[in-house]
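Residues per chain, in single letters:
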Amino acid sequence: MIFLDLNQVWLYDAVHELVRMAFPGDDLTRQEGSQYDKKVSIYCEWSGGTARVEIQVISKRGTSQAARDFDVNGSEAERLRQTKQWVRHLCYEILCDHAARDINSYGILTGMRPVKLVQRMLDQGIDYGEVVQALQRDHLMQGQKAGLLLEVAQNNRPFLPKPQTSNRAIGLYIGIPFCPSRCIYCSFPGAVLSGRPGQMDEFLTALEYEIKTVGTSLKELGYRVESIYLGGGTPAVLSVDQSERLFGLLNQQYISADTAEITVEAGRPDALSRDKLQVYYRNGVDRICINPQSMNDSTLQRIGRNHDREGVVRAVDWVRDSGIKQINMDLIVGLPGEGIRENTHTAEEILKLNPENITVHTLALKRGSSLFNSHDALTAVARVEEVEQGVELFAGILRGSGYQPYYLYRQKYMQASMENIGYALPGNYCLYNIQMIEERQTILGLGGGGASKFVDPWDWKLTSLYNPRDPNSYCRTVEILTRRKVDKLRALN
Ligand code: SF4
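Residues numbered from 1 in each chain as written. Predicted model: local features only at pLDDT ≥ 70, side-chain atom pairs only at ≥ 80, totals over all residues.

K.L.:
What am I meant to see in the overall build of the protein here?
P.N.:
Helices and strands together make up the secondary structure of the protein, namely 15 helices and 16 strands. Relative to a compact globule of 493 residues, whose C-alpha radius of gyration would be 23 Å, the protein shows 23 Å and is just as compact. Along the first, second and third principal axes, the C-alpha set of the protein runs to 65 × 50 × 45 Å. In the protein, which comprises 493 residues, the share counted as buried stands at 44%. Taking all contacts inside the protein whose residues are at least 6 apart in sequence as the whole, residues at least 24 apart take part in 75%. (Helix = DSSP H or I, 4+ residues; strand = E, 2+ residues; numbered from the N terminus. Rg over C-alpha atoms; globule rule 2.2 N^0.38 Å. Buried ≥ 20, exposed ≤ 12 C-beta atoms within 10 Å, placed from the backbone. Contact = placed C-beta atoms within 7 Å.)

Following this line, the structure appears as structure tokens:
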């Protein structure tokens, strides 16, 4: 347990993620009198144009501390902004010293979408060299990560909506929150089909209501759907009839000549069939995600998947036969029992299948997952250096095979504080993924776990609305959530 002792409340937001990165897996408390074995104290005071910052870190490694004065100037809000930045600088420095390692290759940046910062710099006309320097100087980022962020931003920038134009294109996400079994690293609450009769029907009735109500409003307001992403869970758990009915509705309400991309995240190959792929193809689906995570059978068994490597290869063959033109495959670096040898095998096997997109994730240790709560599985998780090497290995192999990184995001509790990177062969970038991560286009999230982001095209201001992931909660609240969604759409208009 880490005790975080702060003399100013606002310091919490500035430093808590950095502190967690220095002590991965530890809980954090601000409660006086709690039991703890690590303590981070941060004291900050202003005097005129100077901010005094004092930081002390105590753990079984010993004590590290520093005190420094920083010049801050401008309005009160500006002085607060500068002070937060300096506190983060000093905190990062002391925590790295204390841990005797770089706790975060992204320096003081801990947000999920670091590429957005680069896009904002490019908006201001800052040249590429200065962008990389600013990331290293102002955010203490490693040079290699700064270069990666710039590359991703350059690759996806042509697909972003232009600023300050009335853009009526939106993205649509539909969440099917069911899976055939639960992966050990998953913390998704409603993931596994309960077997209760009627559970899926209840969910689909609620979803149909939401699709129809939101679709009617979109038409009234003159929006057009540019991309659709059916995610989950595992949308391929829907039967042929259920899929047919869902796509019938989507065709009535959303799909038009303006719809440039429709993805189904089939996810588990064991949930897919040739018949389902035919339904997708007939309804305009042009992108399928088959997510093996690893191509090593022993790992697949260990992480709770119901399929093996052969099942993945078979599913890819079916997709190719179906006529659907793009395949994405998700992989995870850092899985229990995996190191460089296993990663190399996975990379070789995946490349034999020639997918147009490959997404390389770094394992995130999520608190609600059975992995996090199993001592044996946790001890088999790859070490930080192995994860870093694995991420590098995939980057090298994929780039060498012509793939380009085009979207990137981070998650809490990721191993080695790395990132998830979407790679694609030229001409095969996924529009939905770009808009979802860069947050410059409104995305409507329907169904279980659907996240809606309402973007004001004049200043990229964002408001969010989340549907519950748990199917029962979703069914109970769908009417009120749909009303809120429609209200927010009208307010944007
Ligand atoms: S397929 Fe995805 S949502 Fe389903 S259990 Fe595995 S990680 Fe969770």
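K.L.:
Explain the nonpolar core to me, please; I cannot follow it from the model alone.
P.N.:
By size, the foremost hydrophobic cluster in this structure holds 129 residues, and its most contacted members are L18, C91 and I290. At seven residues, helix α1 (residues 11–22) tops the list of elements feeding residues into this core. (Core = buried A, V, L, I, M, F, W, Y, C linked by C-beta atoms within 7 Å.)

K.L.:
How do you make sense of helix α15 (residues 471–492) when you look at a structure like this?
P.N.:
Note that an α-helix has 3.6 residues per turn; residues three or four places apart therefore point the same way. Along α15, the largest kink reaches about 65 degrees and is centred on T477. Of the positions making up α15, those classed as buried are P471, Y474, V478, L481, T482, K485 and L489. Looking at the buried positions of α15, the neighbouring elements they touch are α6 (199–221), β14 (443–447), β15 (451–456) and β16 (461–466). (Bend = angle between axes of the 7 residues up to and from the residue.)

K.L.:
Honestly, helix α3 (residues 115–123) in this entry has me stumped. Any pointers?
P.N.:
Listed as buried for α3 are V115, V118, Q119 and M121. Take α3 and look down its axis: the buried residues cluster within an arc of 160 degrees, on one side only. Looking at α3, the residues exposed on the side facing more than 90 degrees away from the buried face are R120 and D123. Buried residues along α3 sit in contact with α4 (128–139), α5 (143–156), β12 (404–409) and α14 (431–438). The first or second residue beyond α3 is G125, which carries a positive phi of 85 degrees. (Arc of directions from axis to C-beta.)

K.L.:
Explanation requested: the packing of helix α11 (residues 340–352) against helix α13 (residues 384–400) in the structure shown.
P.N.:
Relative orientation and spacing of two packed helices are given, respectively, by the angle between their axes and the distance between those axes. Running from N to C, α11 and α13 point in directions that differ by 25 degrees, and their axes come no closer than 10 Å. The angle between α11 and α13 places the two elements in the roughly parallel class. Crossing geometry of α11 relative to α13 is assigned as right-handed. For the pair α11 and α13, the contacting residues are I340, N343, T344 and A347 in the first and E386, Q389, G390, L393, F394 and I397 in the second. (Axes fitted to C-alpha atoms, helices over the stretch in contact; angles between N-to-C directions. Parallel < 35°, antiparallel > 145°, perpendicular 65-115°, else oblique. Left-handed = near helix turned anticlockwise from the far one by under 90°.)

K.L.:
How should the domain arrangement of the protein be read in this particular structure?
P.N.:
How big an interface is tends to be reported as the loss of accessible area on association of its parts. Split by domain assignment, the protein resolves into domain 1 (2–99), domain 2 (115–159) and domain 3 (169–492). Of note, the centres of domain 1 and domain 2, computed from C-alpha atoms alone, are 26 Å apart. (Domains from an automatic or database assignment.)

K.L.:
Please clarify how the pairing of strand β13 (residues 420–424) should be interpreted in this entry.
P.N.:
Among the five residues in β13, five count as buried, and that is most of the element. Of the two faces of β13, the one lined by N420, G422 and A424 and the one lined by I421 and Y423 are each fully buried. Pairing of strand β11 (residues 357–362) with β13, which is carried by four bridges, proceeds in the antiparallel orientation. Bridged to V360 within β13 is I421. Across five bridges, β12 lies against β13 in antiparallel orientation. Bridging across to β13, Y407 finds its partner in G422. (Pairing = 2+ DSSP bridges.)

K.L.:
Is there a simple way to explain the sheet that holds strand β3 (residues 38–47) in this structure?
P.N.:
Strands belonging to one sheet form pairs held by backbone hydrogen bonds; the direction of such a pair is parallel or antiparallel. Strands sit in the order β2-β1-β3-β4-β5 across an open sheet of five strands; the sheet is mixed. The open sheet is flanked by β2 (28–29) and β5 (62–71), the only strands paired with a single partner. Pairing analysis gives two bridges linking strand β1 (residues 2–6) to β2, with the strands arranged parallel. For I2, the partnering residue across the bridge sits in β2 and is L28. Packed onto the sheet, α1 meets β1, β2 and β3 and runs at close to 155 degrees relative to β1. Sheet contacts for helix α2 (residues 76–99): β3, β4 (50–59) and β5; angle to β4, the most-contacted strand, approximately 25 degrees.

K.L.:
Looking at this structure, I do not really get unusual backbone geometry. What am I missing?
P.N.:
Glycine aside, residues mostly have negative phi, and peptide bonds are mostly found in the trans state. In this structure, the amide linkage connecting G232 to the following residue, G233, adopts the cis form with an omega of 15 degrees. Along the chain, G233 falls in the loop between β7 (224–232) and α7 (240–253). A positive phi angle is found at L140, which is not glycine, with a value near 60 degrees. Among the structural elements, L140 can be located in the loop between α4 and α5. Phi at Q293 is positive, roughly 70 degrees, even though this residue is not glycine.

K.L.:
In this structure, what is going on with the packing of α1 against α2? I would like to understand it.
P.N.:
Two elements in contact, α1 and α2, have axes whose closest approach is 10 Å; the angle formed by their N-to-C orientations is 20 degrees. One element, α1, and the other, α2, form an angle in the roughly parallel class. For the pair α1 and α2, the sense of crossing is right-handed. Contacts between α1 and α2 involve L11, A14, V15, L18, V19 and A22 on the former and, on the latter, K84, V87, R88, C91, Y92, L95, H98 and A99. Grouping the constituent residues of the contact of α1 with α2 by class yields eleven nonpolar, one polar and two charged. (Nonpolar A, V, L, I, M, F, W, Y, C, P; charged D, E, K, R; others polar.)

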